Structures are given as structure tokens and as C-alpha cells.
Amino acid sequence: RALPAVETLGSVTVICSDKTGTLTQNIMSLTAFVTSNARYKNNVDAADRVPANFVRDDTYLCERAVLDLKKKGADIVADGPNNPAGRRGHNPSNHFTVDSLHTTENPEEAAKVAHPEEAPFENGSSPTKDWIQAALSCGVLCSKCVLGENGGRTGEIGNPTELSILRASYFAGVDIENLKTECPIVAEVPFSSEYKFMATIHESSDVPDDKLVAYVKGAPDRMVKVCKYQSKGGIIGDDAVEEINADYWMEQIAILSSHGLRVLGLCRAVIPKDSVTAGENLGQEFVNGRPEGAWLTMVGLCAIMDPPRPECVQAIKEAKGAGVRVAMITGDHKDTATAIGHMLGIVDEKFSEAVTGPELDSMTDDEIRACVMTHNVFARASPQNKIRIVKALQAEGQITSMTGDGVNDAPALKAANMGVAMGKEGTDVAREASEMILADDNFATIVYAVKQGRVVWDNLRKVLLVNTPINNAQGMSVLFGLLAQLPSTPISAIQILYSNFICAVTLGFVCAIEPAEDGIMANPPRRVGKRIIGRFLLLRILLGTFLLTGCVVGSAVIVNTVYKDVEEFERLYKIRATAFNVLDFGAISVMLSARFAYNSSVTPKVFQGNPAVMWSCVIVAVLQVLLTYVPGLNTFVFSMKGMDGLGWGLTIASMVFVFTAMEIEKAIRRSLKASGADTDDREGVVDPLPPVDMSMPKGASKLNLQELAK
């Protein structure tokens, strides 16, 4: 939106990003299914509808997250996505939250799987479609949700947590509509946040005619309490049940919660057909008020999360290589944010922990300045927290980019050096407050924009490196040609005007549209306030100026000496023809060297990657030949005559000399850079930055914390 923002992009040192929809897919997905003796990992990025999307992997999420190893179950729930409080600033979308989780004193022992060899599928193999359909049928049938078109979000209806089970079943090849037709609903227990489960009663061909199947889906801790049995390895059948190991299931809930996953319990039971009436709305006592007490069979636990975007992992890795920190600011719970941070590579040994919004609220300005330099994940954050984080980073000399989508994000977007609004989910207020709008709401696009910001800065310097020496050489050639006592100026006024025009239009244009140079994202961010012409660019400009001027004047002196016996008028035309071609062909050498600011141009790649290179070289060369040899045009307009072998020899030699000298300078600069020298003017003269005011903007204390639900 704002053109000056392009310059800021190349200087960004910290990208503060939202989690939901930017770093993640904004689609709740079933990532794992845990049975009594096995664990199944689901490929959430799969596009094909095959059972192979599920793979048994008993090492996947089999232990608590490192930070939660010593925590009690209740504390794990408090920091995780199964906390009833929900995301800060958003209406809760997880209706099946855990009230209390009491784990044993020995979680390692409780997590041990009994008889893993009895699981229906070997470790590393995929289950069959029939097994998946039977195991997940509770999640499919005990639901009022409608899956979107082709398993996507378009047209979907219902709670995201419940939809994740339908989506996983769909992509495993299960015909959901056919399953619902074959197992029609008879009665139900509607969901209520009071008891946090729902139940549906279905007819089924898998049970006798005088029986019905009751499916119950709900908060996992409550499901364990009403289960008397557990299904062996998720197999459905009367001969595949055993007494429930409650400690095992409670520990599995704790393990999955510690990794930031929502957990849902799937249960079933077979009941007499005459125990319910068709169309009956049953009460909660149907499930948890039965005289026999616990009676259900636990089939398995569904582990659900909003997975990271696959492209964001590589984008964050690229940002790190470019010296750009990525911080995640989210309203989600601490464990969820930490787990996503681990997956994305935001959480590492240096930035190993998350900090919460309430913790930031209690910090002084100095404490928060220290905090933002040691933490990359900020959980349960409010709009006020975002503003303080931005200002603290700026006070530490960081150049920040902040993403936001809601009305309440506008102050933080304004405060950041580069405000980035969401194009799809963002509000008009957020867009107006930002410098850049993210059309696809994808974090990887921000990193690409940073790369392009660096490209723009580099190309601007390359254009200066090409045009400035050429323009300088035109004037200095006249001066030094007269000092060398030539018959007249080595190049005429019309030749200077032509060179100025053709080189800017062709050679300068090449550098203006250069693609990203190899290694551009391996360099640290440009310092804000850095002047466009620093010491080393000035050195290169001066080198190019002296080389071109020396070649033009030197070739003119040689021609003047060789043809000293020729009539002065004729000799001057030969001098100007040679000097004119040396100048413009030498300019081609400058352009070819300037294409790569850091890397060597002594490679075939110098003619690749930018189609304008070959075209500009051909155009300049052809026009030079035409102007040199077309009768009348050469003598009458440009005051020169066609060159002989000496003239072309001097022209080619000058091209090689200019190109070689500029490449030698680059090689020396690369060597100095490898030894740790500042060859990018990072420590040179910069314009001072204004001091940062850490106070909150007027009205920030009255921000409404309830953001628009996503």
C-alpha cells in the first residue's frame, strides 16, 4: 500500500506473526488416533483419499512434552487447549474441554502400552479402510456437522473440532454419507456444555436385530469415568473388549494435551432395541446416570490441532538464515503455542519457552524489553500486549513487522515499522492501518516480500553502479582528453547525449529488473538509516569511473599517436569513433559485472536469469555498429568514421580490461568478507533513528479484547 515500505522490508529484523491462519492452516485436523495398544499418525496434508494417510507410529507423541514432564495433570490442562477458558480474545470453539485431570504419581508407568504386539497392524504399516471406518464411526455418526465440498472448508457446517474427525475419515476413503444411510439415527442425547458430551443411538447391521449401537463422544476425562471396558487396539466387537485401564487413558490425555492438542474421547456400547424410543430426546442420565455405573467401551482418543502450513517451515528456516527472527503472538494457550512453535522451528535452544499475556501485563518496561529478546512465542496475548511487544523490540533497536486482522490490531500495526494486514480474514480498519496487505494470509508470503524488499534495494544500488560511472566517464573523458592535448574532445556532445540515453534505457534497465541474487537471503538485514551509497559502493563507482575514463582517453591517445601523420580532421573522426565504442562497449562490461553484487560474474550465468541482459547487449552492439558504419549518419551526425582493426582491438581490449578489473575488486571484497571484514557498510555512517516512546498510545487501555472470531 505504501511505496516507502519496500525499503523497510529489506531492513526487517523481527517478524511478529499471528498463529491461526497465517502460520497454521486454520483448519482443525485430526493428527493422531490413540487406541489401547497403538498410536496412529494421520497425514493432515494428504490430498488423496486413501487409508494410507493413517500410519501406525508408536513413537509419535508417546511422551509428555519436555516442559510438562514434571507437571500434574491439572496443570497441563490449564496451559493447554483443553482448558475451558478458550483462546484469549476469541469465543471458545472447543466444546469438549477437560475439567480436571488426575494422573498417577508415576506417569511413565501409566503410559506403558500393554501387549502392543496384539495391535491389529504392525508398527509402520497402515490400517485398512474398514478398521478406520469402525474406529472413527463414533466421531462420524455422533455428529450434526456437515463436511465441506471435497473435504474442504467451503460449505462446511459445524464445530471445527468435530469436523476434523469427519475430514480425516473422508480422506481415509470412508463414504460418510453412505455410512450415515446404513446406520440411521434412532435417538440422541444433545450436547450441553454442562456435561460436555453428546450421544446418538443408531441401527446397525453389525449387531443383532434386537440391538442398537450407542455412540458417545465427549470430553476425554468424562468419557473415561463412564467407561467400564476398552476396545483392544480399536477393534470393534464383543470379543475384542477388555477391562479399562483408566490410568493409561488419563496419562494419554495428559501426553496429548502437553503437546498442545485438543483431545476427544470416542466410546460405544450395544443396548437393547426396546430401551429407547425412536425420535426420543434423551437426557444426560442415559449416559452417566445408569444404575450399573460405568458401562461404555472406550474405542480411542482423537488428537486434534490446527496444523502448521507446510510452506511456513521452510519460510521460517529461510528467514533465520537471513538474520530475521520470527515471533509468534497468539491468543491460544501456552502449550498449544509452544507445540506449534516447535513444529515451525520458532522454538529452539535459544528461544525455548513461551511467555503469556498475563505475565507480560505484570512486567515493567525494562522487563518486557529483556523478555522480547529472549522469547519467540507469546501466548494468550491481547491487543495491548502486541503494542508493548512492538515498542519493546523497537527500543532494543529491532525493525519489526507485525501482522494483524482485527480492529483491535490497528494500533499495533501502526506502531510497527511494517504493519501487515490479512487480505482474506482482515478487517478494513486493519488494512487501512497497515503498510502491506497479505493477499493470501500466508506467512511464507511475508518472507518472500522481505526477500523482494532486499532485491529492490540491491537493484537500486546496481542501477547506480551502472549509470553513475558511465555518466561520470562521459564528462571526465572530455576533461582529460583536452588535458592529453588531443586535437579536440575525444567524444562529441551528440555522442555523449546518445550514450547517456541508450545506456540508461538498456543497461540500466537490466539492473532495475534483476531477479534475486543467489545468497541474498544469507545476508543479514540492512541497517535502517544506512545510506544508499556507502564506502564500498562509492569505491566501486569510482573504480568504474576511472576504468572507463582511462580506457576512453587511453584509446584516443593511442589512435592519435598511431595516426599522427593523418590529416587532423580525419584523425579526429577516427579518435571519436574509437572512444565512442570503447565507452559504450565498456559500459556493457560494467553492467555484466554489476549484475551480481556479491558473486562472481565470470560464469555463463551472467547471461542467464534475466532475458533483458542478452537483448540489451545485442541492442547496444548493433546500434554501435550501425552508427559507426552507416554513411552520413556516422560523419554528419556523430562526427566519426568507420573503425579499422586497431579501433576494434582497442574496444575489445577495453571491455576485457574493465570487466576483469571490476571482478578482481569483487574477489578481493569476497575474501575480506570471509575474513570478517565489514564489506556491506553495516558499521558505516548511518542516519540516526528517533528514540522509541514506550508509553501506550492514547485510548489503548480501552481496547475491546473480544476480537472478531475467525
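Throughout this document, residue positions are counted from 1 along each chain, in the order its sequence is written. Note on the predicted model: pLDDT of at least 70 is required for a residue's local features to be given, and 80 or more for side-chain atom pairs to be given and counted; whole-chain, interface and lining totals, by contrast, use all residues. Note: side-chain values were computed over all heavy atoms of the structure, leaving out hydrogens and water.

**Things to note about the nonpolar core**
Note the threshold: As used here, the term nonpolar core means buried Ala, Val, Leu, Ile, Met, Phe, Trp, Tyr and Cys residues forming a set that is joined through side-chain atoms within 4.5 Å. Buried means the residue's accessible area, taken with a 1.4 Å probe over protein chains only, is under 20% of the maximum for its type, while exposed means over 50%, and partly exposed covers the values in between. For the purposes of this entry, the term helix denotes a DSSP run of H or I that reaches at least four residues, the term strand denotes a run of E that reaches at least two, and both are numbered from the N terminus. In what follows, residue pairs with any heavy atoms lying within 4.5 Å of each other are defined as contacts.
Counting 74 residues, the largest nonpolar core has Ile 201, Phe 286, Leu 296, Met 298 and Phe 443 as its most contacted members. For this core, the element with the highest residue contribution is helix H17 (residues 443–483), accounting for seven residues. If near-sequence neighbours (up to four positions away) are discounted, Met 298 is found in contact with Met 223, Val 224, Cys 227, Tyr 229, Gln 230, Ser 231, Ile 244, Trp 249, Leu 266 and Cys 267. Listed in part, the 45 residues of the second largest apolar core include Leu 465, Ile 502, Phe 585 and Phe 638.

**Comments concerning the state of the cysteines**
Structurally, a disulfide amounts to a covalent bond that connects the sulfur atoms of two cysteines. Which entries qualify depends on this criterion: Sulfur atoms of two cysteines make up a disulfide when they are within 2.5 Å.
By the definition in use, this model includes zero disulfides. Among the cysteines around Cys 267, which has no disulfide bond, Cys 227 carries the closest sulfur, lying 3.5 Å off. Cys 617 provides the cysteine sulfur closest to Cys 503, a residue in no disulfide bond, and the two sulfurs are 11 Å apart. On the accessibility criterion, Cys 503 (1% relative accessible area) is buried.

**Points about the pattern of salt bridges**
Let me state the cut-off plainly: Throughout this description, the term salt bridge denotes a Lys or Arg side-chain nitrogen within 4 Å of a carboxyl oxygen of Asp or Glu.
Within this structure, the stated rule accounts for 22 salt bridges. For Arg 64, the salt bridge is made with Glu 251, and the minimal N-O distance between the two is 2.9 Å. With a gap of 187 residues between them, Arg 64 in the loop between strand S4 (54–56) and helix H2 (73–79) and Glu 251 in helix H8 (residues 246–258) connect regions that are remote in the sequence. Residue Glu 665 pairs with Arg 669 through a salt bridge whose shortest N-O separation is 3.3 Å. Here Glu 665 and its partner Arg 669 are both found in helix H23 (residues 645–674), four residues apart, which amounts to about one turn of the helix. Comparing Glu 665 with Arg 669, the two get one shared label, buried. Salt bridges linked by common partners bring Asp 18, Lys 386 and Asp 409 together as one network.

**Description of the side chain of Asn 385**
Our working rule: As used in this structure description, the phrase polar contact means that two N or O atoms lie within 3.5 Å; if the pair is within protein, one of them must be able to donate a hydrogen and the other to accept it, and residues adjacent in sequence are counted only when both atoms belong to side chains.
Relative to the elements of secondary structure, Asn 385 occurs in helix H14 (residues 383–395). Exposure remark for Asn 385: the relative accessible area of 1% places this residue in the buried category. Only 2.8 Å separates the side chain of Asn 385 from the side chain of Asp 361, close enough to count as a polar contact.

**Things to note about the packing of aromatic side chains**
Filter applied, for reference: Here a Phe, Tyr or Trp ring, Trp counted by its six-membered ring, pairs with any other such ring whose centre lies within 6.5 Å, and the pair is stacked when the planes are under 30 degrees apart, edge-to-face when over 60, and tilted otherwise.
Under the criterion given, the structure shown has 13 aromatic pairs. Between Phe 286 and Trp 295, the ring centres sit 5.8 Å apart and the planes meet at 85 degrees, which makes this aromatic pair edge-to-face. For the pair shown, Phe 286 and Trp 295 are each scored as buried. On the basis of an interplanar angle of 75 degrees and a centroid distance of 5.9 Å, the ring pair of Phe 585 and Trp 648 is categorised as edge-to-face. Linking Phe 585 in helix H20 (residues 568–594) with Trp 648 in helix H23, this pair joins segments that are 63 residues apart in sequence.

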